[in-house]
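Architecture at a glance
Here is what each chain is made of, one letter per residue.
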Amino acid sequence: MKILGIDTSCDDTCVALLEIRNSKLKILSNIISSQVKLHAKYGGVYPSLAKREHIKNLPLVFRRATKRIKLSEIDLVSVTNGPGLEPCLWQGVNFANELAKNLKVSLIPVNHIEAHILVNSPKIFPAVCLVVSGGHTTLFLMKGIRKYMLIGETRDDAAGECFDKVARILGLGYPGGPIVAEMATKIKNKKLKIKNIKLPRPMMYQKNYDFSFSGLKTAVLYDYRSRPSKIRKSKQYIREMCREVQQAIIDVLIHKTIKAAKDFRVKSIILGGGVVANEELRKQFQEKIRKEIPNTEYLIPDTKYCTDNAAMVAVTAYFHKKETTKNWQKIEVNANLKI
Ligand code: KG4
Ligand code: ZN
């Protein structure tokens, strides 16, 4: 069986092909056309520009993803129908509708957030899932496929958004996460020289599972403004600030997730979303789980399946393959889709 996946929820045009043989999943192709360079000058995603790029890129990305097969080999088409940027989502959905109709195969709409979770192919429940991306910072208690309970989310900015905004304050470019992470690793012999770089860990010790990251960004801004121009423009300041903001985000994410895992006595912890590509976060999570709840399974996607991709959409469709629809035109976009 072969499932085609499509995702155009934000600024990447993604098409992937998944093959299932004897219940084993194999990703045959995973093509991503990134618009990063285009949006970099705006310091964020510009929806109407992203939409135009999707229209242009989709046929090309589709052709590359399917170049080794005959189109008649595709058994199912799946597409992200939310959450995301509405004009962008429609491009993927319209393309998928048309394709499924032409190939006379069924179509499965996929929730982008669920895809960030199911790309891990989880099997052991209950689980706590943390989805951290540019648009979301959410904790779910998962009792099985399709059985999610929202237990916490950000009250303002998402963690990825905080990385992006801090990078902008420090003049580092977009997207911020990978640049901040790279700067943080550049501190030689771990010696800190700039005085008093200490950021808050927002909501860390509150008794709920919610997050808040907008204050963290503001704290960076105030610190930046308070420094003499010679200091704040220095490599050392930028690197140390990047390390501190990365650590503040990691501390809060790990603390709340482990607390939820203990409180709900789960058997696994599942991570997903762009921020999970962060090496330091992956490492520190693993160390903490090993130390505090060693019998808990720890699932994280390969880094290329953390940031947006369509392989995760096809994998999610596999889990929902019984919920197909042949009513191609009926797939609606919902920019605020919940799982
Ligand atoms: O999941 P994703 O690709 O798109 C959304 O659904 O939002 O996540 C993108 C976010 C961006 O905010 C980006 O800065 C962040 O993930 N990100 C990272 C890293 N790579 C991407 N954040 C921290 N460290 C990284 N290595
Ligand atoms: Zn995403």
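The shown structure was predicted, so the numbers you read here are calculated from the model rather than taken from an experiment. (Residues numbered from 1 in each chain as written. Chains lettered and ligands numbered in written order. Predicted model: local features only at pLDDT ≥ 70, side-chain atom pairs only at ≥ 80, totals over all residues. Heavy atoms only, no water.)

Focus: the sheet that holds strand S8 (residues 147-153)
- Spatial strand order, S8-S7-S6-S9-S10: five strands in an open sheet with mixed pairing. Two strands bound the open sheet, and with one partner strand each, they are S8 and strand S10 (297-299). Pairwise comparison of adjacent strand axes, ignoring direction, gives a mean angle of 20 degrees for this sheet.
- Where strand S6 (residues 127-132) meets strand S9 (residues 268-272), five bridges bridge the pair, whose relative direction is parallel. Residue pairing across strands places Cys129 opposite Ile270, the latter belonging to S9.
- Contacts from helix H9 (residues 235-263) reach S6, strand S7 (137-144), S8 and S9, with the element oriented near 160 degrees to S6. (Pairing = 2+ DSSP bridges. Helix = DSSP H or I, 4+ residues; strand = E, 2+ residues; numbered from the N terminus. Axes fitted to C-alpha atoms, helices over the stretch in contact; angles between N-to-C directions. Contact = heavy atoms within 4.5 Å.)

Some thoughts on the pattern of salt bridges
- Taken as a whole and assessed by the stated rule, the structure comprises 20 salt bridges.
- Asp210 is paired through a salt bridge with Arg155; the nearest N and O atoms lie 3.1 Å apart. One end of the pair, Asp210, is in the loop between helix H6 (176-185) and helix H7 (214-226); the other, Arg155, is in the loop between S8 and helix H5 (159-169), and 55 residues separate them in sequence.
- By relative accessible area, which is 52% here, Arg155 ends up exposed.
- Look at the salt bridges and you will find they share partners, linking Lys2, Glu19, Arg21 and Glu73 into a network. (Salt bridge = Lys/Arg side-chain N within 4 Å of Asp/Glu carboxyl O. Buried < 20%, exposed > 50% of the residue type's maximum accessible area, 1.4 Å probe, protein only.)

What to know about the nonpolar core
- Counting residues in each nonpolar core, the largest one holds 52 residues, and the members touching the most others are Leu170, Phe213 and Ile249.
- With 14 residues, the single largest contributor to this core is H9.
- Filtering out sequence-adjacent residues up to four positions away, Ile249 remains in contact with Ala159, Cys162, Phe163, Phe213 and Leu216.
- Grouped together as the second largest cluster of nonpolar side chains are 22 residues, Leu17, Ile31, Leu99 and Ile331 included. (Core = buried A, V, L, I, M, F, W, Y, C linked by side-chain atoms within 4.5 Å.)

What about the domain arrangement of the protein chain?
- Domain boundaries in the protein chain define domain 1 (2-118 + 308-330) and domain 2 (127-300).
- On a C-alpha basis, the centres of domain 1 and domain 2 stand 28 Å from each other.
- If you look at the interface, domain 1 gives 16 residues, while domain 2 gives 16 residues.
- In total, about 1,300 Å² of surface goes out of reach between domain 1 and domain 2, with carbon and sulfur atoms giving 67% of it.
- Our count for the domain 1 to domain 2 interface comes out at two salt bridges.
- Note that Arg146 is salt-bridged to Glu114, the shortest N-O span being 3.3 Å.
- Along the contact surface separating domain 1 from domain 2 lie five residue pairs in polar contact (both at pLDDT 80 or more). (Domains from an automatic or database assignment. Buried area = accessible area lost by both parts, 1.4 Å probe. Polar contact = N/O pair within 3.5 Å; in protein donor to acceptor, adjacent residues only side chain to side chain.)

Considering the coordination of the zinc ion (ligand 2)
- Of the protein atoms, only His112 (NE2), His116 (NE2) and Asp308 (OD) coordinate the zinc ion (ligand 2), at distances of 2.1 to 2.2 Å.
- The motif formed by the donor residues of the zinc ion (ligand 2), counted along the single chain, is H-x3-H-x191-D. One end of the pair is His112 and the other is His116, both in helix H4 (residues 112-118) and four residues apart, which spans about a single turn. (Donors = N, O, S within 2.8 Å, 3.2 Å for Na, K, Ca; no water.)

As for the environment of Met149
- On the secondary structure map, Met149 appears in strand S8.
- On the basis of relative accessible area, Met149 is assigned to the partly exposed category, the value being 42%.
- When sequence neighbours within four positions are dropped, the list of residues in contact with Met149 reads Leu139, Phe140 and Leu141.

Notes on unusual backbone geometry
- Of note, the amide linkage connecting Gly82 to Pro83 takes the cis form, showing an omega dihedral of -15 degrees.
- Within the secondary structure, Pro83 is located in the loop between strand S4 (76-82) and helix H3 (86-103).
- In the segment running from Tyr174 into Pro175, the intervening peptide bond is cis, with an omega of -5 degrees.
- Mapping Pro175 onto the fold places it in the loop between H5 and H6.

Here we look at the packing of H6 against H9
- The interhelical angle for the contact between H6 and H9, taken along N-to-C directions, is 115 degrees, at an axis separation of 7 Å. Judged by the inter-axis angle, H6 sits roughly perpendicular to H9. In this structure, H6 crosses over H9, and the sense of that crossing is left-handed. Together, Val180, Ala181, Met183 and Ala184 of H6 and Ile238, Arg239, Cys242, Arg243, Val245 and Gln246 of H9 make up the contact between the two elements.
- Among the residues forming the contact of H6 with H9, the class breakdown is seven nonpolar, one polar and two charged. (Parallel < 35°, antiparallel > 145°, perpendicular 65-115°, else oblique. Left-handed = near helix turned anticlockwise from the far one by under 90°. Nonpolar A, V, L, I, M, F, W, Y, C, P; charged D, E, K, R; others polar.)

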